[in-house]
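Structural overview for review
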Amino acid sequence: PETSVEPVWIDYKKDIDQSTLGNYPLLSVQNKNNDLFSLYYHFNTGSYADKLLPIAASYLRFIGTQDKTADEITQDFYALATSFNVSTQGEESYISIGGLQENFDKSIALFHDLIENAQADDAALEAYIARLKRGRENNKKNKGAIQRGLMSYAQYGADNPFNYELTNEELDKLTAEDLLESLK
């Protein structure tokens, strides 16, 4: 015999703790299932407001701080069993950090140290730009990428979101300091 499953509806006022952190709303729910944490930052700005933002978000993985190299930071996150991701869309940007609850404070401190004290690395930027250009060349042969471009063109015309990115010439003029400023 099967047991009937009844839906459990969320009461947003009761089930989600709501407070503020400075001027920003803070929503939280305690994880009662395991010893992991997930933290999300949401920003109401994205690549439409700043073309550098998606490049800067990806560049963050390749740089270090004044005290640590990029490899040392990666090893520190690994030792804490923590990962992070920075993503940017047209009108929004997200930062997600997740790991063991016991390492929450250390993980957040490590990420904030990276964001606040990131050091420009011209060699990493040059390699990253070369990778971006190679990816663009590959996309010219990718049927899915071509289809997305055509659909965007059909919907919006010549000035469309698919084309709203830095040109290769603009990438060549880009400096690491520009990207760090965009992140901050």
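Below or above, wherever it landed, is the structure these notes cover.

Scoring rules and cut-offs
Residues numbered from 1 in each chain as written. Predicted model: local features only at pLDDT ≥ 70, side-chain atom pairs only at ≥ 80, totals over all residues. Heavy atoms only, no water. Helix = DSSP H or I, 4+ residues; strand = E, 2+ residues; numbered from the N terminus. Rg over C-alpha atoms; globule rule 2.2 N^0.38 Å. Buried < 20%, exposed > 50% of the residue type's maximum accessible area, 1.4 Å probe, protein only. Contact = heavy atoms within 4.5 Å. Areas by Shrake-Rupley, 256 points an atom, 1.4 Å probe, with all protein chains shown as cover. Core = buried A, V, L, I, M, F, W, Y, C linked by side-chain atoms within 4.5 Å. Phe/Tyr/Trp six-rings, centres within 6.5 Å; stacked < 30°, edge-to-face > 60°. Lys NZ or Arg CZ within 6 Å of the ring centre and 35° of its normal. Arc of directions from axis to C-beta. Pairing = 2+ DSSP bridges. Axes fitted to C-alpha atoms, helices over the stretch in contact; angles between N-to-C directions. Polar contact = N/O pair within 3.5 Å; in protein donor to acceptor, adjacent residues only side chain to side chain.

1. Focus on the overall build of the protein chain
- When its secondary structure is counted, the protein chain shows eight helices and five strands.
- Reading the helices (α) and strands (β) of the protein chain from amino to carboxyl end gives α-β-β-β-α-α-β-β-α-α-α-α-α.
- Taken over the C-alpha trace, the protein chain has a radius of gyration of 20 Å; the compact-globule value for 184 residues is 16 Å, which it surpasses by more than 25%.
- Expressed as lengths along the three principal axes of its C-alpha atoms, the size of the protein chain is roughly 60 × 50 × 40 Å.
- Per-residue burial over the protein chain gives 29% buried out of 184 residues.
- Counting only contacts in the protein chain whose residues sit at least 6 apart along the sequence, the fraction spanning at least 24 positions is 72%.
- Accessible surface computed for the protein chain: about 13,400 Å², of which carbon and sulfur atoms make up 51%.

2. Observations concerning the nonpolar core
- Tyr59, Leu60, Phe84, Phe111, Leu174 and Leu179 are the most contacted members of the largest nonpolar core, which totals 33 residues.
- If you list the elements that add at least two residues to this core, you get β3 (36-43), α2 (53-59), α3 (70-79), β4 (82-88), β5 (93-100), α4 (104-117), α5 (122-139) and α8 (176-183).
- Element by element, the count of residues in this core is highest for α4, at five residues.
- If we skip the residues at most four places from it in the chain, leucine 179 touches Leu52, Ile55, Ala56, Tyr59, Leu125 and Leu174.

3. Looking at the packing of aromatic side chains
- With the rule as written, the count across this model stands at six aromatic pairs.
- With centroids separated by 4.9 Å and ring planes inclined at 85°, the aromatic side chains of phenylalanine 37 and phenylalanine 104 adopt a geometry described as edge-to-face. Of the two residues, phenylalanine 37 sits in strand β3 while phenylalanine 104 sits in helix α4, which places them 67 residues apart along the sequence.
- Classification of phenylalanine 104 by relative accessible area gives partly exposed; the value is 27%.
- Ring geometry for phenylalanine 62 versus tyrosine 128: centroids 5.5 Å apart, planes at 35°, classification tilted. Taken together, the residues span a long stretch of sequence, with phenylalanine 62 in the loop between α2 and α3 and tyrosine 128 in helix α5 at a distance of 66 residues.
- Overall, tyrosine 128 belongs to the buried group, its relative accessible area being 8%.
- Of the aromatic side chains, those joined through ring pairs into one cluster are Phe77, Phe84 and Phe111.
- Residue placement shows lysine 51 over the ring face of tyrosine 164; its charged tip is 4.7 Å from the ring centre.
- Across from the ring centre of phenylalanine 84, 4.4 Å away, lies the NZ or CZ of arginine 61, which sits over that ring.

4. Observations regarding the environment of proline 161
- Residue placement: proline 161 occurs in the loop between α6 (143-156) and α7 (168-173).
- For proline 161, a relative accessible area of 30% gives the class partly exposed.
- Along the chain, proline 161 and alanine 109 lie 52 residues apart, while their C-alpha atoms are 35 Å from each other.
- For proline 161, the contacting residues outside a window of four places in its chain are Tyr48, Ser152 and Tyr156.

5. Structural notes on α3
- The set of residues buried in α3 consists of Ala70, Ile73 and Phe77. Down the axis, α3 shows its buried residues gathered within 60° of arc, on one side only. Within α3, the exposed residues directed more than 90 degrees away from the buried face are Asp71, Gln75, Tyr78 and Ala79.
- Residues of α3 that are buried in the fold lie against β4 and α4.

6. So, the sheet that holds β4
- Here we have three strands laid out as an open sheet, ordered β3-β5-β4, and antiparallel in their pairing. Two strands lie at the open edges of the sheet, namely β3 and β4, each paired on one side alone. Across the sheet, the mean angle separating the axes of adjacent strands is 10° when strand polarity is ignored.
- Each of β3, β4 and β5 is contacted by α4, which is oriented at about 35° to β3, the strand it contacts most.

7. Side note on the environment of serine 182
- By the secondary structure assignment, serine 182 is in helix α8.
- Distance from serine 182 to proline 54, taken between C-alpha atoms, is 9.5 Å for residues 128 residues apart in sequence.
- Those residues within four positions of serine 182 in sequence are excluded, and the remaining contacts are Asp50, Leu52, Leu53 and Ala56.
- A polar contact of 2.6 Å, which involves the side chain of serine 182, links it to the side chain of aspartate 50.

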